[in-house]
Amino acid sequence: AAVGKIDDAIRSADRARIRLPSEPGPAALAARLHLVSRRFADARDAARSWRALTADSPIDADSILARIALVDGKPAEAIAILEPYRARLDAEAARRPEALGTLVVAEMLEGRADAAIALASKHLAIPAFRGEFLAGTRVAPTETAFAVLAGIEPILGVDDGGRLALVSEYAALALRKDAAA
């Protein structure tokens, strides 16, 4: 039932984009809905339209484009898209945890453990960001993931929840490393 409602919402957003081609709202909604539905080509098209309509402040549209690049296996492209916003994402982490998470995960996938740690370490108390970050360690190259976890251990391991997350991620990495051997 939920899938049908999302499909209905997507159709409505796509129709609104046609009816209101100079308004960014329908393109923004369509981009987000297509992304959630994993319809990446449609999400990319809508995000590009949204970006063109908000050229003075395209950070949200660019965040979706970066997420799509990341999902497409292009972390360097995701970094390039978000690089102009690095300081802003760092300052607005609570407001944009998914975008910051995309940047940190892209850094991990590129093997840049130090960059990932530097950006992530200040924001691990934000639950949505913490989830993005931990998901990134699961897909990062094993050695990079180990380095990142070791780097954030003093920050994340200060309470039971953080220690449990670390143990869980280290266990998953150990299993991955054993399976590769």
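Computed from a predicted model, the values in this text were never measured in an experiment.

Q: Could you clarify how one ought to interpret the packing of helix 9 (residues 127–139) against helix 10 (residues 142–156) in this entry?
A: The geometry of a pair of packed helices is captured by two quantities: the angle between their axes and the separation between those axes. The N-to-C vectors of helix 9 and helix 10 enclose an angle of 150°; their axes lie 10 Å apart at closest approach. In this structure, helix 9 contributes R130, F133, L134 and T137 to the contact, and helix 10 contributes A145, V148, L149, I152 and L156.

Q: How should the pattern of salt bridges be read in this particular structure?
A: If charged atoms from side chains of opposite charge come close, those side chains can pair. What the rule picks out here adds up to 16 salt bridges. In this structure, D90 and K122 form a salt bridge, with 2.5 Å as the shortest nitrogen-oxygen distance. Linking D90 in helix 6 (residues 86–91) with K122 in the loop between helix 8 (113–120) and helix 9, this pair joins segments that are 32 residues apart in sequence. Between R138 and E169 there is a salt bridge whose closest N-O contact spans 2.8 Å. Linking R138 in helix 9 with E169 in helix 11 (residues 160–180), this pair joins segments that are 31 residues apart in sequence. On the basis of relative accessible area, E169 is assigned to the buried category, the value being 4%. Several salt bridges share partner residues, and in doing so they unite D60, R88, E92, R95 and R96 into one network.

Q: Just to check I follow, could you spell out helix 2 (residues 24–36) for this structure?
A: Taking 1.5 Å as the rise per residue, helix 2 with 13 residues should run 18 Å; its terminal C-alpha atoms sit 18 Å apart, in good agreement. Those residues of helix 2 that sit buried are P26, A27, A28, A30, A31, L33 and H34. Residue R38 follows helix 2 closely and has a positive phi angle near 60°.

Q: Can you help me understand helix 7 (residues 97–109) in this one?
A: The end-to-end C-alpha separation of helix 7 is 18 Å, in line with the 18 Å expected for 13 residues at 1.5 Å each. When you tally the buried positions in helix 7, you get eleven out of 13 residues, the bulk of the element. Within helix 7, burial applies to P97, A99, L100, G101, T102, L103, V104, V105, A106, E107 and M108. A positive backbone phi angle near 80° is found at G111, which sits one or two residues after helix 7.

Q: What's the story with the nonpolar core in this structure? I'm lost.
A: Proteins that are soluble and globular tend to have nonpolar side chains buried together. Membership of the largest hydrophobic core comes to 35 residues, with the highest contact counts inside it found for L89, V104, M108, F133 and I152. Listed by contribution, the elements that provide at least two residues to this core are helix 4 (59–71), helix 5 (75–82), helix 7, helix 8, helix 9, helix 10 and helix 11. For this core, the leading source of residues is helix 7, giving seven residues. Residues in contact with V104, not counting those within four places in the same chain, are A116, L119, A120, F129 and F133. Core analysis: the next-biggest nonpolar cluster, separate from the first, contains 16 residues, L33, F40, A43 and W50 among them.

Rules used in this analysis
Residues numbered from 1 in each chain as written. Predicted model: local features only at pLDDT ≥ 70, side-chain atom pairs only at ≥ 80, totals over all residues. Heavy atoms only, no water. Axes fitted to C-alpha atoms, helices over the stretch in contact; angles between N-to-C directions. Helix = DSSP H or I, 4+ residues; strand = E, 2+ residues; numbered from the N terminus. Contact = heavy atoms within 4.5 Å. Salt bridge = Lys/Arg side-chain N within 4 Å of Asp/Glu carboxyl O. Buried < 20%, exposed > 50% of the residue type's maximum accessible area, 1.4 Å probe, protein only. Expected span 1.5 Å × (residues − 1). Core = buried A, V, L, I, M, F, W, Y, C linked by side-chain atoms within 4.5 Å.

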